[in-house]
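Geometric and topological summary
Here are the chains, one letter per residue:
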Protein chains: 2
Amino acid sequence: MNKLLIVGTVAFDAIETPFGKTDKILGGAGTFIGLSASHFNLQSAIVSVVGEDFPQEYIDLLKSKNIDVTGLEVVKGGKTFFWSGKYHNDLNSRDTLVTELNVLADFKPVVPENFKKTDVVMLGNLHPLVQSSVLDQLTEKPKLVVLDTMNFWMDCALPELKEVMKRVDVITINDEEARQLSGEYALVKAAAKIQEMGPKYVVIKKGEHGALLFHDAHVFFAPALPLEEVFDPTGAGDTFAGGFSGFITQSENISFENMKRAIVHGSNLASFCVEKFGTERMVNLTKEEVQNRLQQFKALTQFDIELT
Amino acid sequence: MNKLLIVGTVAFDAIETPFGKTDKILGGAGTFIGLSASHFNLQSAIVSVVGEDFPQEYIDLLKSKNIDVTGLEVVKGGKTFFWSGKYHNDLNSRDTLVTELNVLADFKPVVPENFKKTDVVMLGNLHPLVQSSVLDQLTEKPKLVVLDTMNFWMDCALPELKEVMKRVDVITINDEEARQLSGEYALVKAAAKIQEMGPKYVVIKKGEHGALLFHDAHVFFAPALPLEEVFDPTGAGDTFAGGFSGFITQSENISFENMKRAIVHGSNLASFCVEKFGTERMVNLTKEEVQNRLQQFKALTQFDIELT
């Protein structure tokens, strides 16, 4: 089986949306990526850090999804990273209420020996130096390195972000971040500039408005599935990244045609994530549900026009 | 050849965008619909009204596109409807600077004799009573009636809008309008409610974020083509409607599969409209350009995933 190395936070989230609120629940980019990628035939490992307050049942949950947690450091006496946020009525924007870095502040990622040679690396949103440090530990160049990042690092660690960008094949960011990073408003132009900065594939996430994949002169677009209820957007972008990198790992094919499929798988999995709070929907998601919704995705987007 | 009856304004527009501004140029929903529909093999007629100040060269332009202008009333001594607007930097919102109804204030549409029996009717955005009056004049039920409308009529002529909605097959509105009309935020739910109000097909236009087609449990989505430059969004929605109704008229097929194609043709034509001010791009658009971009549309959206 091919290997996927995941780096990203494993955390507590407390979330408030117009539909309700949660106490501290399982969250973190690494968690969502791992749960999503577990829908593919692969071996995965998470490199992350938690505190002593992190429940064993959450660790057992990750293990039950065949995620190697050797690289999940548990800091004695430490507290787990905690984020709390409140979504606005349209769910498209949110306020961060609390960010307690805790053990994340001193996180030194250690890649497990058996993942120093891996097929794909999914660098979840973290300080660019942490992302770089993971790449430094690999003994062989992976087939594909995917980087997720956010505006926060563009504001406070831009040189480091630019360095790690030179070392990756794919970057996933949202539309506003693409504009900020490139200084271009039109996403076509923004993607072209970002390709010059390193990653030859640029994925621009537009939330409920779907995702674009750019590579040279090629563009592909996958919509978000229109849903009756969007309950909680937390983790949707990471679930997308997990589906994208998971599918690539399984299929071992980095052609543009296959990246298109990866975008569709990522969008499909993300459509489930938002239906319940936190990881709830992803934890119990069945293979049959995933396949049925892929069928809906095809119906949503595929048409048949003969060109003259 | 099948017949398409178009009702909509023929007007002067003065437009300001971040990229420049125009004097009074040719505009109006009927104009954009007509130019767009002229890319299909059909007979079309515009029912509208202009003043004596309307240049003969604009009328000749419509004629040159094989649009029947018998139903285009020229009011002696009257002034043509004039709209002026200024777009904000992101081109997604605009301020109306001037609206002079002029001859439009007393517009009584008269359907030409040879279009009282027509295959398709495209009711462009106008007072719902004007739209109803056109349907009243038809001697035979058309195969398909498409209605475009806007929030203005929801605010000031809702009962009349609801009446005309009962008489149409397809409605095209934007996302905010769909929410206003239905009282539902999620577009899936909004579309379901709007279907109960009359039109069995609901097209929700999301501007740069594409368009959705709803019918019973079916949903189809077409993105807007990502463009390097969007110059002027004026008329894009009408161009979409013209492509949609024009293709249906030509193909004489109102199955859901064919409506999908119509959505793609509409989106494809609208992608040209925004590249220059007003009607400029549409006036000179060649068949080859349209076909080439349809190819781009396929590449943008089509993928190949085998379901297990």
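Just so you know, these numbers come straight off a predicted model, no measurement behind them.

**Notes on the overall build of chain A**
The helix and strand inventory of chain A stands at eleven helices and 15 strands. Taking the principal axes of the C-alpha coordinates as reference, chain A spans close to 70 × 45 × 40 Å. Contacts spanning at least 24 positions in sequence make up 64% of the contacts within chain A whose residues lie at least 6 apart. Accessible surface, chain A as shown: approximately 12,400 Å² in total, 49% of it carbon and sulfur. Seen as two clouds, the 30 positive and the 41 negative side-chain charges of chain A have centres 4 Å apart.

**Points about the nonpolar core**
Membership of the largest hydrophobic core comes to 213 residues, with the highest contact counts inside it found for Leu5 and Leu123 of chain A together with Leu5, Leu123, Leu181 and Ile194 of chain B. Those residues in contact with Leu123 of chain A that lie beyond four places of it in its chain are Val7, Gln131, Val134, Leu135, Val145, Val146, Leu147, Asp148, Val164 and Val168 of chain A.

**Describing the packing of aromatic side chains**
Residues and elements named next belong to chain B. Evaluated as defined, the whole model comprises 16 aromatic pairs over all chains. When the centroid spacing of 5.6 Å and the interplanar angle of 20° are considered together, the rings of Phe19 and Phe231 count as stacked. Of this pair, Phe19 sits in the loop between β2 (11-17) and β3 (20-21) while Phe231 is found in the loop between β15 (218-222) and α8 (236-251), placing the two residues 212 residues apart along the sequence. Exposure remark for Phe19: the relative accessible area of 42% places this residue in the partly exposed category. Classification of Phe231 by relative accessible area gives partly exposed; the value is 24%.

**A word on the relation of the copies chain B and chain A**
If you rotate chain B by 180° and push it 0.0 Å along the axis, it lands on chain A with an RMSD of 0.0 Å. Within this description, the copies of the chain are treated as partners about a two-fold rotation axis. Of all interface residues in chain B, 100% are interface residues in chain A too; the two copies therefore contact each other through one and the same surface.

**Comments concerning the side chain of Lys205 of chain A**
Residues and elements named next belong to chain A. The topology assignment puts Lys205 in strand β13 (residues 201-205). Take Lys205: its relative accessible area is 15%, and that puts it in the buried class. Discounting chain neighbours no more than four positions away, the residues touching Lys205 are Asp148, Thr172, Ile173, Asn174, Asp175, Gly210, Ala211, Gly237 and Phe240.

**Focus on the UniProt feature "domain: Carbohydrate kinase PfkB" (unreviewed entry) in chain A**
The positions that UniProt labels "domain: Carbohydrate kinase PfkB" (unreviewed entry) are, in the present scheme, residues 20-281 of chain A. Annotated as residues 20-281 of chain A, this span is 36% helix and 24% strand, and its ends, taken at the C-alpha atoms, are 16 Å apart.

**Remarks on helix α7 (residues 187-196) of chain A**
Residues and elements named next belong to chain A. Turning to α7, its buried residues are Leu187, Val188, Ala190, Ala191, Ile194 and Gln195. Considered in projection along α7, the buried side chains sweep an arc of 160° and stay on one side of the axis. Considering only its buried residues, α7 is in contact with α5 (158-165), β12 (170-174), α6 (175-182), β13 and β14 (211-215). Gly198 occupies a position one or two residues after α7 and carries a positive phi of about 150°.

**Observations concerning unusual backbone geometry**
Backbone geometry at Leu91 of chain A places phi at a positive 65°, although glycine is not the residue there. Here Leu91 of chain A shows up in the loop between β8 (82-87) and β9 (94-100). The class for Leu91 of chain A is buried, based on a relative accessible area of 12%. Of note in the backbone geometry, Glu252 of chain B takes a positive phi value of approximately 55° without being a glycine. Tracing the sequence through the fold places Glu252 of chain B in the loop between α8 and α9 (256-273).

**Things to note about the packing of helix α3 (residues 128-136) of chain A against α5 of chain A**
Geometry of a packed helix pair, given as the angle between the helix axes and the separation of the axes. Residue and element names in this part refer to chain A. It is the contact of α3 with α5, at a shortest axis distance of 8 Å, that shows an interaxial angle of 30°. In this view, α3 runs roughly parallel relative to α5, as classed from their interaxial angle. As for the relative orientation of α3 and α5, their crossing is left-handed in sense. Across the interface between the two elements, Pro128, Leu129, Gln131, Ser132 and Leu135 of α3 pack against Glu160, Leu161 and Val164 of α5. When the residues that make up the contact of α3 with α5 are grouped by side-chain class, the tally is five nonpolar, two polar and one charged.

**So, helix α11 (residues 287-301) of chain A**
Compared with an ideal rise of 1.5 Å per residue, which puts 15 residues at 21 Å, α11 of chain A spans 21 Å between its outermost C-alpha atoms and is within 8% of the ideal. Considered for burial, the residues of α11 of chain A that qualify are Val290, Gln291, Arg293, Leu294, Phe297, Leu300 and Thr301 of chain A. Buried residues along α11 of chain A sit against α9 (256-273) of chain A together with β14 (211-215), β15 and α11 (287-301) of chain B.

**Notes on the pattern of salt bridges**
Summed over all chains, the structure comprises 36 salt bridges over all chains. Where Arg167 of chain A meets Asp136 of chain A, a salt bridge forms, and the shortest distance between an N and an O atom there is 2.9 Å. Note that Arg167 of chain A is positioned in the loop between α5 and β12 and Asp136 of chain A in helix α3, a separation of 31 residues in sequence. The exposed category is assigned to Asp136 of chain A, whose relative accessible area is 52%. With a shortest N-O distance of 2.5 Å, Asp119 of chain B and Lys143 of chain B are connected by a salt bridge. Of this pair, Asp119 of chain B sits in the loop between β9 (94-100) and β10 (120-123) while Lys143 of chain B sits in the loop between α3 (128-136) and β11 (144-148); the two residues are 24 residues apart in sequence, bridging distant segments of the chain. Salt bridges here are not isolated pairs; linked through shared partners, they connect Glu275, Arg281, Glu289 and Arg293 of chain A.

**Observations concerning the environment of Arg167 of chain B**
All names here are of chain B. Overall, the relative accessible area of 36% leaves Arg167 in the partly exposed class. In sequence terms Arg167 and Leu144 are 23 residues apart; their C-alpha atoms lie 10 Å from each other. In this structure, Arg167 is in contact with Ser132, Leu135, Asp136 and Val145, ignoring residues within four places of it in sequence. A distance of 2.9 Å separates a polar atom in the side chain of Arg167 from a polar atom in the side chain of Asp136.

**Quick notes on the pairing of strand β11 (residues 144-148) of chain A**
Regular strands show a simple pattern: their side chains alternate between the two faces of the sheet. Residues and elements named next belong to chain A. Of all the five residues making up β11, five are buried; the element is thus mostly covered by neighbouring parts of the structure. Residue alternation in β11 divides its side chains into two sets, Leu144, Val146 and Asp148 and Val145 and Leu147, and both sets are buried. Here four bridges tie strand β10 (residues 120-123) to β11, and the two strands are oriented parallel to one another. Bridge pairing in β11 links Met122 to Val146. Running through α3, the crossover from β10 to the neighbouring parallel element β11 is right-handed. In the sheet, β11 pairs with β12 via three bridges, with the strands oriented parallel. Bridge pairing links Val146 to Val170 in β12.

Rules and cut-offs
Residues numbered from 1 in each chain as written. Chains lettered and ligands numbered in written order. Predicted model: local features only at pLDDT ≥ 70, side-chain atom pairs only at ≥ 80, totals over all residues. Heavy atoms only, no water. Helix = DSSP H or I, 4+ residues; strand = E, 2+ residues; numbered from the N terminus. Contact = heavy atoms within 4.5 Å. Areas by Shrake-Rupley, 256 points an atom, 1.4 Å probe, with all protein chains shown as cover. Lys, Arg positive; Asp, Glu negative; His and termini not counted. Charge placed at Lys NZ, Arg CZ, Asp CG, Glu CD. Core = buried A, V, L, I, M, F, W, Y, C linked by side-chain atoms within 4.5 Å. Buried < 20%, exposed > 50% of the residue type's maximum accessible area, 1.4 Å probe, protein only. Phe/Tyr/Trp six-rings, centres within 6.5 Å; stacked < 30°, edge-to-face > 60°. Least-squares fit on C-alpha atoms with pLDDT ≥ 70 in both. UniProt positions renumbered as here; feature names shortened; annotations may be inferred. Arc of directions from axis to C-beta. Axes fitted to C-alpha atoms, helices over the stretch in contact; angles between N-to-C directions. Parallel < 35°, antiparallel > 145°, perpendicular 65-115°, else oblique. Left-handed = near helix turned anticlockwise from the far one by under 90°. Nonpolar A, V, L, I, M, F, W, Y, C, P; charged D, E, K, R; others polar. Expected span 1.5 Å × (residues − 1). Salt bridge = Lys/Arg side-chain N within 4 Å of Asp/Glu carboxyl O. Polar contact = N/O pair within 3.5 Å; in protein donor to acceptor, adjacent residues only side chain to side chain. Pairing = 2+ DSSP bridges. Right-handed = clockwise from strand over helix to strand, strands pointing away.

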